Amino acid sequence: MTKESAVEKTFKHLKEKLNQCKNKCVGLPSPQPRPRFEPPEEPETLTEETSIDTIENTAEETDSSPNTFEAPAIAIANPVRVGFLLTVGVGAALLALYFLTNIGPLAGWIVGALFIALGLDPAVRKLESLGLPRAAAVPAVVVTFALIVVGLISWVVPKIARQTIQFVNSFPNDFADFLNSPFFTSIDEKFGIRNWVTNEVSKTFQGLTSDSNVVSSFFNTLVNAGSTVANILTGTIIVLFLSLYFLSSLPLMKAWFVRLTPASKRETVSKLTDKITESVGNYVLGQAAVALLNGTFALTVMLIVGVPFPELFSLIVVILAFIPLIGGVSAGIIVSVFSLTAGWQVSLAFAICYFIYLQVEAYFISPRIMSKAVAVPGGIAIIAVAAGGSLWSVLGALIGIPVAASCLILVQEILVPRQDKN
């Protein structure tokens, strides 16, 4: 009886607990089944009932929490291998820099040959338009160019060498005659510049003769002279062969360059490449024509008015005329100054004729010849020539404007349309 009474008591106690739970749960809403797809909860909107204290408390809690950033730990699996690869990369970069800085005249030969090829490419395309295949047009143009160069060298170089020797030998006497001329005497009476001119010229020649390197290179050492001639001949042959190779394989080179770009950009890159090469080729060919016209006119005027050493000075005019804007003016000043040794009348006559020609060239000849090339503003052209000359001497000054023209094409075709869209 005692065991049954204990079990009954336990069941009664459990029953009372269940009844208490039921009484507590009476009046509570029954849970509704959640839908399968619920729309995202909308963020709370700030209403007028929102208290300012709540916002301030939230901001204080946000500010009080420390804003710390822990950098992720990077574990290097093989530090020896990584260090070795970094060392090899730095060594390769230093080796490339060494080759670039000590490559010697090879870079000049390559750049010169490339610009000659671009300059001859318009003539090749002209022959192609007439029906001649490129395989035959390229040798025809290169052979014609080589014959012109060889003819000019064989005709001009001996005369220039002879006139250079005569100029060096006769310069002291010519300079003394100039100092004793009535023209210089009248200027000296007004400004008193005889002593200054004499001292400056004496210092210049003394510096040249006292420099053992200059004397040994140009006057006393036949070996250096022979090596210089050999280098010139070697460079000329290499440039001619490289020009032939670049000119014959120019379409293939452009095609491979386009293939290296992403497929989505190849059409644009191909158009830009054709436009840049065509513009640079027209510029080189046009500038060569302008320089030859300039030199021919200067030689004609010098022969007429009696300027001494006309072939020598005409070569200087042609070389300087390749440098736009400042080349022709510099050549006119140099020739006019040295023409004073033959009399101020000769110098004045040449200066007037030559500078009148420069105006005609600037307003009539150059615009017609350079119409197919990219027009480079005067300020940019001067900066390009100065920058190229400071970086790479005469060759840099010659290629400065074509490089600037290429950059202008890229700006006009890529940067400006992209900025217009924004």
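The text that follows walks through the structure, step by step, so that each part is easy to find. Values in this document were obtained by computation on a predicted structure and should not be read as measured data.

1. Some thoughts on helix 13 (residues 327-338)
With 12 residues, helix 13 extends 17 Å from end C-alpha to end C-alpha; this agrees with the ideal 16 Å at 1.5 Å per step. Along helix 13, the residues that are buried comprise Gly327, Gly328, Ala331, Gly332, Val335 and Ser336. What you see down the axis of helix 13 is that its buried residues fit within an arc of 155°, all on one side. Taken together, the buried residues of helix 13 touch helix 11 (266-305), helix 12 (310-321) and helix 14 (344-369).

2. Some details on the packing of aromatic side chains
Under the defined criterion, the tally for this structure stands at five aromatic pairs. Relative to Phe246, the ring of Tyr245 lies with its centre 5.9 Å away and its plane at 55°, an arrangement referred to as tilted. Ring centres of Tyr354 and Phe355 lie 6.0 Å apart, and the angle between their planes is 80°; this geometry places the pair in the edge-to-face category. Tyr354 gets classed as buried once you look at its relative accessible area, which sits at 0%. A relative accessible area of 28% means that Phe355 is categorised as partly exposed.

3. Structural notes on the side chain of Thr273
Along the polypeptide, Thr273 turns up in helix 11. Take Thr273: its relative accessible area is 12%, and that puts it in the buried class. Dropping the residues within four chain positions of it, Thr273 is found in contact with Lys254, Phe257 and Val258.

4. With respect to the environment of Leu312
Structurally, Leu312 is set in helix 12. Note on Leu312: relative accessible area 13%, which makes it buried. Sequence separation between Leu312 and Phe167 is 145 residues; the distance between their C-alpha atoms is 9.5 Å. Sequence-distant contacts of Leu312, defined by excluding residues within four places in its chain, comprise Ile160, Gln163 and Thr164.

5. A short note on the packing of helix 10 (residues 250-259) against helix 11
Following both chains from N to C, one finds helix 10 and helix 11 inclined at 145°, their axes separated by 9 Å at the closest point. In this structure, helix 10 crosses over helix 11, and the sense of that crossing is right-handed. Contacts between helix 10 and helix 11 involve Lys254, Phe257, Val258 and Arg259 on the former and, on the latter, Arg266, Val269, Ser270, Thr273, Asp274 and Thr277. Its residues assigned to classes, the contact of helix 10 with helix 11 comprises three nonpolar, three polar and four charged.

Rules and cut-offs
Residues numbered from 1 in each chain as written. Predicted model: local features only at pLDDT ≥ 70, side-chain atom pairs only at ≥ 80, totals over all residues. Heavy atoms only, no water. Helix = DSSP H or I, 4+ residues; strand = E, 2+ residues; numbered from the N terminus. Expected span 1.5 Å × (residues − 1). Buried < 20%, exposed > 50% of the residue type's maximum accessible area, 1.4 Å probe, protein only. Arc of directions from axis to C-beta. Contact = heavy atoms within 4.5 Å. Phe/Tyr/Trp six-rings, centres within 6.5 Å; stacked < 30°, edge-to-face > 60°. Axes fitted to C-alpha atoms, helices over the stretch in contact; angles between N-to-C directions. Left-handed = near helix turned anticlockwise from the far one by under 90°. Nonpolar A, V, L, I, M, F, W, Y, C, P; charged D, E, K, R; others polar.

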